[in-house]
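Architecture and fold: a report
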Amino acid sequence: MDTRIFEAMEAEVRSYCRSFPAVFATGRNATLTDADGKSYIDMFAGAGTLNYGHNHPAIRQAVIEYMLQDGVTHSLDLYTVAKRGFLTALQEIILKPRGLDYKVTFPGPTGTNAVETAMKFARKATGRQNIIAFTNAFHGMTLGSLAASATRTKREAAGVPLGGVTRVPYENYFGDLDTADFLDKILSDTGSGIDAPAAIILETVQAEGGLNTASAPWLRKIAAITRKHGSLLIVDDVQTGCGRTGTFFSFEGMGVTPDIVCLSKALGGMGLPMALVLFRPDLDVLKPGEHNGTFRGNNLAFIAATAALELWRHPDFEAEIVATGAKIKQRLNAIADRYPYLGTHVLGRGMMLGIGWTDPTIAGRVSQRAFSEQIIAETTGADNQVLKLLPPLTISDTELAQGLAGLERAISLELQTCNEVAPFVAAE
Ligand SMILES: *Cc1c(COP(=O)(O)O)cnc(C)c1O
């Protein structure tokens, strides 16, 4: 495989390609094929961007037809037929049936653009600067969202101070200590040294932060804390949204309605860049042009996103995600039962699942072995300690069977190299 041009020209900062150094050529659903014709089962799916798989036939068809009709591709924030179609579908297929009353704004086409925009709305609406973010959070790589992100190396690379955010512990960060009570206490105590926040921003599952999963009771407590302290709840659903956790929004069924929601990644249907911020109508505080961006009108993405939302019309679509997620979880639990040493444990929910070990280096080694088995699966967490599985929601039974079998082989091969007879010592 000739990768010389990439290594010669692309900056050292490139990352995923180091774990999976093939030159990919084509993709169909969960199958990627490289330039040598070797195929891989994609259990990473662009970090949850390809929820509908590579080149979903209905989505791709809609984009091709639109292009062949000379449909407008770029439009700033002008009104277009493609955008009208998307907003109508969002309203009718997603928001109305869920009883959600949100207005929307299209930021630039990336997740970080959505987070920056959400923070700007929250700060202007409340007149406050501080934003509360959690340990192990990931919200993006531009200065505002990076300030809310937790990974030390990424923060240090900013090169300037990151401000305006107070870090607090996510659920279960201290074992038994209720971190929601801790947060309520520091916001109630005028001597805590913590400024009243404009917003609390969180992921319901910390996708990049090691698949820590928030419980419904904890989320409800956090939502109540935002109301009590006059601040707003921002749910960053960039990776957890668009069906990844089994429902369109990750907070559905949790008993919370965020004031602001960020979407991106899978929103553009087939990996086309697009982001969206949904907010309570009374938070519509930015004056015309106060926030802006050239690529807020990516009409190919609107067309793809609309075709993707159409899939949600069928009630079976959601039920199948839940069923596939349960199937994967069952299989991972079986693996954990088979290897009851090295602290093998299963994490996540819906189709955002993973497996971890007490030795944080195992996940990375399993990922590398899995790649030799032609399975693409990345790691997550501050120490890359969890192997994360984010297959397309539409993965076929055959692809899934192949993916899980390859993964199991990789795990068993890797664990054989560990000292498996040593008694297991719990991490805490
Ligand atoms: C990926 C991601 C982002 C940033 O999105 P980009 O498109 O990379 O800017 C923000 N928040 C979460 C939860 C993400 O997973």
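Residues numbered from 1 in each chain as written. Predicted model: local features only at pLDDT ≥ 70, side-chain atom pairs only at ≥ 80, totals over all residues. Heavy atoms only, no water.

**A look at the nonpolar core**
Operational definition: Within this scheme, the nonpolar core is defined by two criteria: the residues are buried Ala, Val, Leu, Ile, Met, Phe, Trp, Tyr or Cys, and they are joined through side-chain atoms within 4.5 Å. Throughout this description, buried means an accessible area under 20% of the type-specific maximum (1.4 Å probe, protein chains only), exposed means over 50%, and partly exposed covers the range between. Here the bounds of each domain stem from an automatic or database domain assignment. By definition in these notes, contact holds between two residues if any of their heavy atoms fall within 4.5 Å.
Phe86, Leu183, Ile222, Phe249 and Trp357 are the most contacted members of the largest nonpolar core, which totals 90 residues. Inspection of this core shows a minimum of three residues originating in each of domain 1 (4-55 + 315-415) and domain 2 (71-313). Residues contacting Trp357, with those up to four places away along its chain left out, are Leu342, Gly343, Thr344, His345, Ile362, Ala363, Val366, Gln385, Leu387, Ile411 and Leu415. By size, the runner-up hydrophobic cluster in this structure holds 22 residues, among which are Val115, Ala122, Cys262 and Leu283.

**A word on the packing of helix H13 (residues 361-372) against helix H14 (residues 397-417)**
Put simply, the test is: Each axis is a line fitted through C-alpha atoms, taken for helices only over the stretch in contact, and angles between the N-to-C directions span 0 to 180 degrees. Working definition: helices are DSSP H or I runs of at least four residues, strands are E runs of at least two. Numbering for both runs from the N terminus. Note on terminology: angles under 35 degrees are roughly parallel, angles over 145 are roughly antiparallel, angles of 65 to 115 are roughly perpendicular, and the others are oblique. Rotating anticlockwise by less than a right angle from the far helix to the near helix defines a left-handed crossing, while the corresponding clockwise rotation defines a right-handed one.
Where H13 contacts H14, the axes come no closer than 8 Å and their chain directions differ by 130°. As judged from the angle between their axes, H13 and H14 are oblique. Between H13 and H14 lies a crossing of right-handed hand. On H14, the residues that touch Ile362, Arg365, Val366, Arg369 and Ala370 of H13 are Leu407, Ala410, Ile411, Leu413, Glu414, Leu415 and Thr417.

**Digging into the packing of aromatic side chains**
Under the convention used in this document: Planes of paired rings set the category: under 30 degrees apart is stacked, over 60 is edge-to-face and the rest tilted, where pairs are Phe, Tyr or Trp rings (Trp by its six-membered ring) whose centres lie within 6.5 Å.
If you walk through the whole model with that rule in mind, you get 19 aromatic pairs. Ring pairs connect the aromatic residues Tyr16, Phe20, Phe24, Tyr40, Phe44 and Phe371, which therefore count as one cluster.

**Structural notes on the pairing of strand S6 (residues 165-168)**
This is how the line gets drawn: Here, a strand pair is defined by DSSP locating no fewer than two bridges between the strands.
Only one face of S6 is buried: it carries Thr166 and Val168, and the other face, with Val165 and Arg167, is open. Direction of pairing for strand S5 (residues 130-134) relative to S6: parallel, over a ladder of four bridges. Looking at S6, one finds that Ile131 is bridged to Val165.

**Some thoughts on helix H11 (residues 299-311)**
Condition: Helix span, expected: 1.5 Å multiplied by one less than the number of residues in the helix.
The end-to-end C-alpha separation of H11 is 19 Å, in line with the 18 Å expected for 13 residues at 1.5 Å each. For H11, the tally of buried residues reaches twelve of 13 residues, placing the bulk of the element in the interior. By the burial criterion, the buried members of H11 are Asn299, Leu300, Ala301, Phe302, Ile303, Ala304, Ala305, Thr306, Ala307, Ala308, Leu309 and Leu311. In this fold, the buried residues of H11 make contact with helix H4 (57-68), helix H5 (81-95) and helix H12 (315-338).

**Quick notes on the domain arrangement of the protein**
Going by this rule: In short, buried area is how much 1.4 Å probe accessible area vanishes from two parts on joining, totalled over both.
Each assigned domain of the protein is listed here: domain 1 (4-55 + 315-415) and domain 2 (71-313). Look at where the C-alpha atoms of domain 1 and domain 2 centre, and you get two points 25 Å apart. On the domain 2 side, the residues contacting the 30 residues of domain 1 number 31 residues. In total, about 2,500 Å² of surface goes out of reach between domain 1 and domain 2, with carbon and sulfur atoms giving 55% of it. The three residues of domain 1 that bury the most area against domain 2 are Tyr52, Arg349 and Met352, which together make up 32% of that side's buried surface.

**Re the sheet that holds strand S2 (residues 31-34)**
The sheet built from four strands is open, its strands ordered S1-S2-S3-S15 with mixed pairing. Every interior strand has two partners, whereas the edge strands, strand S1 (24-28) and strand S15 (375-376), have only one. As paired elements, S1 and S2 share four bridges and run antiparallel to each other. Within S2, the residue paired with Arg28 across the bridge is Thr31.

**Topic: the environment of Ala198**
Inspection of the secondary structure puts Ala198 in strand S7 (residues 197-202). Residue Ala198 is classed as buried on the basis of its relative accessible area, which comes to 0%. Residues Ala198 and Lys124, spaced 74 residues apart in sequence, show a C-alpha to C-alpha distance of 8.4 Å. Ignoring sequence-local partners within four residues, the contact set of Ala198 consists of Ala122, Arg123, Thr126, Arg128, Asn130, Ser231 and Leu232.

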